[in-house]
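# Remarks on the overall topology
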Amino acid sequence: MSETSKAPSESAVDQNVYKIFPNDLNSKYTVFGGLVMSLCDRTALIVAERHSGAPCVTAAVDSLHFVGPARAGDTLIIRAAANRSWRSSMEIGVHVAAENSYTGESRHVVSAYLTFVALSDDGTPQPVPPIAPETDAEKRRFKDAGQRRQQRIRDRKHKSK
Ligand SMILES: CC(C)(COP(=O)(O)OP(=O)(O)OC[C@H]1O[C@@H](n2cnc3c(N)ncnc32)[C@H](O)[C@@H]1OP(=O)(O)O)[C@@H](O)C(=O)NCCC(=O)NCCS
């Protein structure tokens, strides 16, 4: 394991794009939520694997809010970055916007926080590098991620009873 810390910008995905076609819609002609969840998970996974340099699994999705619908013809723009890491786990924040690519208008549709764990060759959790936040926004996310982890630990204890 490397003890050398890494900045969020070293692993961030800035613009993963996905064009919505009719087979991506639900019966109300907005985008099927499970598709967007999968895109969030896949994009966040890339961040976790870039940061840790190891295969990762999703341990938890402790928050995923659909704040507005995406529609046929929209382009989903998915951004993800590592907020904070601990021994073997990392919190990745994801933001999804729906862009009308004809007009350039963009709407926020999803925010999510996912926790990934890096695995060694034998499948056990392995240490990951610390995160060194640089910008004010990264420092705020780093601090807030600490509070969310406390809640996750409480939830995990509660669920395992
Ligand atoms: C995630 C997993 C590897 C953790 O293994 P484990 O034996 O519970 O390991 P530990 O108790 O030592 O925890 C390892 C890390 O995972 C974190 N973790 C485990 N479960 C968690 C949860 N539900 N939420 C958040 N973090 C979790 C722990 O906090 C710990 O983090 P740290 O090392 O940074 O302190 C294991 O539960 C697993 O394989 N789960 C299935 C993952 C999977 O298949 N995902 C895809 C689902 S389709």
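Since the structure is predicted, the reported quantities are computational estimates derived from the model, not experimental observations.

Reading the values: rules and limits
- Residues numbered from 1 in each chain as written.
- Predicted model: local features only at pLDDT ≥ 70, side-chain atom pairs only at ≥ 80, totals over all residues.
- Heavy atoms only, no water.
- Helix = DSSP H or I, 4+ residues; strand = E, 2+ residues; numbered from the N terminus.
- Rg over C-alpha atoms; globule rule 2.2 N^0.38 Å.
- Buried < 20%, exposed > 50% of the residue type's maximum accessible area, 1.4 Å probe, protein only.
- Contact = heavy atoms within 4.5 Å.
- Lys, Arg positive; Asp, Glu negative; His and termini not counted.
- Charge placed at Lys NZ, Arg CZ, Asp CG, Glu CD.
- Pairing = 2+ DSSP bridges.
- Axes fitted to C-alpha atoms, helices over the stretch in contact; angles between N-to-C directions.

### Some words on the overall build of the protein chain
- Tallying secondary structure elements over the protein chain gives 2 helices and 5 strands in all.
- For 161 residues, the compact-globule estimate of 2.2 N^0.38 gives 15 Å, and the C-alpha radius of gyration of the protein chain, at 17 Å, lies within 12% of that figure.
- Taken over 161 residues, the protein chain has a buried fraction of 37%.
- The contacts of the protein chain with a sequence gap of at least 6 include a subset with a gap of at least 24, amounting to 72%.
- Mean positive and mean negative side-chain charge positions of the protein chain (22 and 18 charges, respectively) differ by 7 Å.

### Considering the sheet that holds strand β3 (residues 75–85)
- A sheet is described by the order of its strands in space; here 5 strands give the open sequence β1-β3-β4-β5-β2, paired in antiparallel fashion. Every other strand in the sheet has two partners, leaving β1 (13–19) and β2 (56–66) as the edge strands with one partner each. The sheet shows a mean angle of 25° between the axes of neighbouring strands, taken without regard to direction.
- Bridge count between β2 and strand β5 (residues 106–118): 9 bridges; the pairing is antiparallel. Bridge pairing in β5 links threonine 58 to phenylalanine 116.
- Those strands touched by helix α2 (residues 136–159) are β2, β3, β4 (89–99) and β5, and its axis lies near 80° from that of β3.

### Remarks on the side chain of histidine 51
- With respect to the element layout, histidine 51 can be found in helix α1 (residues 33–52).
- The exposure class assigned to histidine 51 is buried, which follows from its relative accessible area of 1%.
- If we skip the residues at most four places from it in the chain, histidine 51 touches Lys6, Ser11, Ser85, Met90, Pro129, Pro130 and Ile131.

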